[in-house]
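# Fold and contact review
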Amino acid sequence: MTDLDTLATQAYLYGFPLVFDLEQVVRYTTTGVGANPQAAFNEFSHARSLASAADTFVSINNDTVYSMASLDLGVGPVRLSVPASDRYYVLQFVDAWTDNFAYIGTRGTGNGAGEFLIAPPEWEGDAGGLTVVHAPTRIVSIVGRWSCAGVDDLPAVHALQDAMTLTPAHPDAVAAGIPSIISQGDEVLDFWEKYRVWSQAFPPADRDESLQSSFAALGLTGAVPVRELPGEQQAALRAGARGGEEAISQAMAGAAAGATPGAWSQTLHVFDYNLDFFEVGTKDEPAWKIADPRRRIGERAVAAKAGLWGNHGYEAAYVMTFQDADGRPLTGEHDYELRLSPPPPVGAFWSVTMYALPEFYLVDNEIDRYSVGDRTPGTVTDADGGLTIRIGRARPSDPDAAANWLPAPAGTFRPILRMYMPGDAVLDGTYAPPPITRVDG
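Residues numbered from 1 in each chain as written. Predicted model: local features only at pLDDT ≥ 70, side-chain atom pairs only at ≥ 80, totals over all residues. Heavy atoms only, no water.

This part takes up the sheet that holds strand β10 (residues 265–266). Strand order in the open sheet formed by 5 strands is β10-β11-β17-β13-β14, and the pairing between neighbours is antiparallel. A single partner strand is all that each edge strand has here, and the edge strands are β10 and β14 (371–373). One ladder, built from 2 bridges, connects β10 with strand β11 (residues 316–320); its direction is antiparallel. Within the sheet, the bridge partner assigned to Gln266 lies in β11 and is Val319. (Pairing = 2+ DSSP bridges. Helix = DSSP H or I, 4+ residues; strand = E, 2+ residues; numbered from the N terminus.)

What follows covers the UniProt feature "domain: DUF1214" (unreviewed entry) in the chain. This chain's UniProt record puts "domain: DUF1214" (unreviewed entry) on residues 315–423. Helix and strand shares over residues 315–423 are 5% and 34% respectively, and the end C-alpha atoms of the span are 10 Å apart. (UniProt positions renumbered as here; feature names shortened; annotations may be inferred.)

Once that is clear, we can look at the pattern of salt bridges. Enumeration according to the criterion identifies 21 salt bridges in this entry. Of the charged contacts in the structure, one is a salt bridge between Lys289 and Asp284, with a shortest N-O distance of 2.5 Å. The class of Asp284 is partly exposed, set by a relative accessible area of 47%. Here Arg328 and Asp326 are joined by a salt bridge, their closest N and O atoms 3.0 Å apart. In this structure Asp326 comes out as exposed when scored by relative accessible area, which is 56%. Shared partners join several salt bridges into a network, and the residues in it are Asp324, Asp326, Arg328 and Arg438. (Salt bridge = Lys/Arg side-chain N within 4 Å of Asp/Glu carboxyl O. Buried < 20%, exposed > 50% of the residue type's maximum accessible area, 1.4 Å probe, protein only.)

Our focus in this paragraph is the side chain of Ser199. With respect to the helices, strands and loops of the structure, Ser199 is situated in helix α3 (residues 187–201). Residue classification places Ser199 among the buried positions, given a relative accessible area of 1%. For Ser199, the residues in contact, after removing those within four places along its chain, are Leu18, Trp97, Lys194, Gln212 and Leu220. (Contact = heavy atoms within 4.5 Å.)

Turning to the pairing of strand β8 (residues 139–147), a few remarks are in order. Counting buried positions over the 9 residues of β8 gives 9, a clear majority of the element. Residues of β8 alternate between two faces, with Ile139, Ser141, Val143, Arg145 and Ser147 on one and Val140, Ile142, Gly144 and Trp146 on the opposite face, all of them buried. Where strand β4 (residues 89–95) lies against β8, 7 bridges are found, and the strand directions are antiparallel. By the bridge assignment, Asp95 is partnered in β8 with Val140.

Moving on, we get to the packing of aromatic side chains. Under the counting rule described, the total for this entry stands at 21 aromatic pairs. Note on Tyr12 and Trp192: the rings are 6.0 Å apart at their centroids and 70° apart in plane angle, and the pair reads as edge-to-face. Linking Tyr12 in helix α1 (residues 3–30) with Trp192 in helix α3, this pair joins segments that are 180 residues apart in sequence. Both residues of the pair, Tyr12 and Trp192, belong to the buried class. Measuring from ring centre to ring centre gives 5.0 Å for Trp288 and Tyr314, while their planes differ by 90°; the resulting arrangement is edge-to-face. Taken together, the residues span a long stretch of sequence, with Trp288 in the loop between β10 and α6 (293–307) and Tyr314 in the loop between α6 and β11 at a distance of 26 residues. Overall, the relative accessible area of 7% leaves Trp288 in the buried class. The buried category is assigned to Tyr314, whose relative accessible area is 4%. Its guanidinium or amino end placed over the ring of Tyr103, Arg107 lies 5.3 Å from that ring's centre, counting from NZ or CZ. Across the ring face of Phe349, the terminal group of Arg375 is positioned such that the distance to the ring centre comes to 3.8 Å. (Phe/Tyr/Trp six-rings, centres within 6.5 Å; stacked < 30°, edge-to-face > 60°. Lys NZ or Arg CZ within 6 Å of the ring centre and 35° of its normal.)

Laid out in structure tokens, this is it:
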């Protein structure tokens, strides 16, 4: 691998979150994603049902109903009004580089009604007494999640969704949106062209400017389209894309292996790469920051690939595993049990959600069940108050096991245990879920 190839690999890890994030913003503003319909910039898109296998989005949850918005603050500040809520909810604010920079909701600001002003970078003006949320980039994603106990609870959620509003300070201003990209002839070069254009349109944090500038040798900081770069640079970019994807895959596999066979990966700090932007609801504390620069860039790429728009661990803790108790890959060829006793300690609620590999999408199944948790109707608790979840491709014959059945795909899979408003035992590592055990030999 040449020095230019190595630099391109570093550029891929650096730029992947930006490109992946903005591709999803384009989806939301043009076609919608799954249950969330298309919505223009600075308008909410509300899902009206819990996520299903039709929602092809990385590691989407089935616990909450989504309210999403893509903001273009090039039109100026946008006013956000939220209603008083009778349930857990969170509005997570994510910039173009995938930094979580603000949280409005139950944990961050409480369940009362609120008025906020989302301001563009370097904005200075009269907020009129509103709580100001300063955005790091012109494009911002609001990822809203409303706790929903099931179909019967949907009307109440819909009322809360409809009570939220976004009001631009200048209603007639036209959003510029994300710069369009001319096809470069294949997917790899298209990726790099997106990175070249978008990284200049959406400047990074000050600390990353020197790193971004170092990619000039690859032709990524100028005005020349990637397809017009010299052959040596194009070859390096292709090698860098391969190297970057391999590095992300290896990091994910390493995290999945865990310290012991079947251990759940404790990903409390995978989203701690934001070091610069701390608005309402965030924790500007060393414990929630990845200090090592190289690790920070790598973790950000892995987090985008495996769980784009995931929350900080103090908002929602995500732990996952790819293995059973004996270190064997989890696969629909076998049946498993997960005994949670005691149940996870949380301030809101918890669930275990099934995802098929390699896409990390929800799994289509005959009973339309994608997760099992403390709010799942009809589950049977153990005598000690714990819950034994049965995992497998086929419905169990035993009635109690069937009541607690989490359907699996035919191939390999990865469950995620989500803990909303995790308790201290989760955050300090005292609580760890047990391994998943194979029950069919």
